[in-house]
Amino acid sequence: MRRYILLNPGPVNVKESVRKALLAPDMCHREPEFSRLMTGCAKKLLLAFGITGTHKAVFFTGSGTAALEAAVVSSVPQGKKILVINNGVYGERIAEIAGRHGIGLINLKSDMTKTPDINAAEEIIRRDKDISVVAMVHHETSTGILNPVYEIGRLCKKHNKLYLLDSISALGGEDLDFRRANVDLCVGTANKCIEGIPGVSFVLVSKRALPKLKGVHPRSLYFDISLNLEGQKKGEPLFTPAVQIFYSLDCALDELMKEGVQGRIKRYKNLAALLRKGFEGAGLKYLIEPKYHSNTITALRLPKGVTYDKLHDALKAKGFVIYAGQSKLKRTIFRIANMGRITVNDACRLLMALKSALKKEGAG
Ligand SMILES: *Cc1c(COP(=O)(O)O)cnc(C)c1O
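Bear in mind the structure is a predicted one, so any value in this text is a computation, not a measurement.

Trainee: Go over the side chain of asparagine 338 with me, naming the residues and quoting the values.
Mentor: Mapped onto the secondary structure, asparagine 338 falls in the loop between strand E14 (333-337) and helix H13 (344-360). Only 3.1 Å separates the side chain of asparagine 338 from the backbone oxygen of asparagine 295, close enough to count as a polar contact.

Put into structure tokens, the structure is as follows:
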């Protein structure tokens, strides 16, 4: 099958060694070999992000949304509420999860093309004493906006709220000082900036939050953080994990530590800068102001007369997979992500292919 350069925000192109790791021997998840593999992955995650002393890692077999759902259902006590600071499709997803579980919800929606209003959030926290968890998306993948993680962390600390951060598309790609951000439940996944294979996601839970989670009446069996953490700590996962995905995650985490989180951030940042110079040179316009840009996604307006489908197909024919806009941005933008093992050469070839495709579509 043809190999594509993936410019979608995960699953990403991975290193050959990460893919090959999938072919390790068959293994029973109730044997000490697997227990070592899983606890090793947890240790490496905590080490890579410098949070060994303050956080625990708990894994879920499932995509990023699985760990996100676990974080939501395990953190809000009965009769209490979650405030969702929502400026995009993924913020809305957190709200939807809460709604489906009948969890008290305050959905603070704001303009998708801007960062949220911190004062408005504080006003709500002050007024409503039932709020016990504040949730936000770190990097809104639908627009490429980097949200104010530290400011909201400060609010949570000041008002003594648990801070739930969907960092699924940011962890490994954006700066995150856990101590300064005061994050209690940080949700991540294997197949974005961690550069692993899809199938496993995780929550990094602060030790100070653990007793609070224990006090929450369980809403779910599979997604109960406390229960899963207890099992995983003893090397006894409650349910059958995606064993082979852990092999490749372990390898991906070795690679992450070799490169260093700061090294990876720098690589992504440089690649984004190179791409953006090319986008500007091609006359493309950004959806959001550049000051909000993350290191890994650029949302671009479709030029007049160019449809997403045509652009997508023209680029795919040359080996590049781009990504559409979501919800109300579906017909007006396209996205280029630069997560994963994309080289400078790949990026330069993409820019050439993009320019020639736009020309053919008669952009302008
Ligand atoms: C990718 C992503 C998710 C999870 O998506 P899955 O398809 O379940 O992996 C959640 N939040 C954000 C911000 C994301 O980028």
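Trainee: Describe the sheet that holds strand E9 (residues 185-189), naming the residues involved and giving the relevant values.
Mentor: Reading across from one edge, E2-E10-E9-E8-E5-E3-E4 is the order of the seven strands in this open sheet, with mixed pairing throughout. Looking along the sheet, the strands with just one partner apiece sit at the ends: strand E2 (55-61) and strand E4 (104-109). Averaged over all neighbouring strand pairs, the angle between strand axes comes to 20°, with direction disregarded. Two elements, E9 and strand E10 (residues 200-206), share five bridges in a ladder whose sense is antiparallel. By the bridge assignment for E10, cysteine 186 is matched with leucine 204.

Trainee: Tell me what's going on with the environment of tyrosine 247, and back it up with residues and numbers.
Mentor: Tracing the backbone through its elements, the reader meets tyrosine 247 in helix H10 (residues 243-259). On the accessibility criterion, tyrosine 247 (13% relative accessible area) is buried. Measuring from C-alpha to C-alpha, the distance between tyrosine 247 and asparagine 8 comes to 24 Å, with 239 residues separating the pair along the chain. Excluding anything up to four places from it in sequence, tyrosine 247 contacts Ala21, Ala24, Pro25, Met27 and Leu37.

Trainee: Give me the lowdown on the site of the ligand, citing residues and values where you can.
Mentor: The ligand sits among Ser63, Gly64, Thr65, Tyr90, Arg93, Val137, His139, Thr141, Asp166, Ile168, Ser169 and Lys192. If the ligand stood free it would expose 380 Å²; the protein chains cover 85% of that surface. For the shell around the ligand, the secondary structure elements donating two or more residues are helix H3 (64-75) and helix H4 (89-100).

Trainee: Hey, could you go over the packing of helix H2 (residues 32-48) against H10 for me, with residue numbers and the actual values?
Mentor: Contact geometry of H2 with H10 gives a least axis separation of 9 Å together with a crossing angle of 30°. H10 is crossed by H2, and the crossing has left-handed handedness. Note on element contacts: H10 touches H2 through Val243, Phe246, Tyr247, Leu249, Asp250, Leu253, Asp254, Leu256 and Met257, opposite Phe34, Leu37, Met38, Cys41, Lys44, Leu45, Leu47 and Ala48.

The rules behind the values
Position labels on residues start from 1 in each chain and follow its written sequence. pLDDT decides what is reported in this predicted model: residues at 70 or higher carry local features, side-chain atom pairs at 80 or more are listed and counted, and totals for whole chains, interfaces and linings draw on all residues regardless. Calculation of side-chain values draws on the structure's entire complement of heavy atoms; hydrogens and water are dropped beforehand. Comment: elements are numbered from the N terminus, with helices defined as DSSP H or I runs of at least four residues and strands as E runs of at least two. Counted as a polar contact is a pair of N or O atoms within 3.5 Å, where, for protein atoms, one must be capable of donating a hydrogen and the other of accepting one, and residues adjacent in sequence contribute only when both atoms are in side chains. For two strands to pair, DSSP has to find at least two bridges joining them. Working convention: axes come from line fits to C-alpha atoms, limited for helices to the stretch in contact. Angles between N-to-C directions cover 0 to 180 degrees. Only protein chains enter the accessibility calculation, which uses a 1.4 Å probe; a residue whose area is less than 20% of its type maximum is buried, one above 50% is exposed, and one in between is partly exposed. Residues count as neighbours in contact if any of their non-hydrogen atoms are within 4.5 Å of one another. Nearness is judged by heavy atoms alone; a residue qualifies as near a molecule or strand once a single heavy atom is within 4 Å of it. A 1.4 Å probe and the Shrake-Rupley method give the accessible areas. Residues count as covered only by the protein chains that appear here. Here a crossing is taken to be left-handed if its near helix is turned anticlockwise relative to the far helix by less than a right angle, and right-handed if that turn runs clockwise.

None of this, on its own, says anything about what the molecule does.
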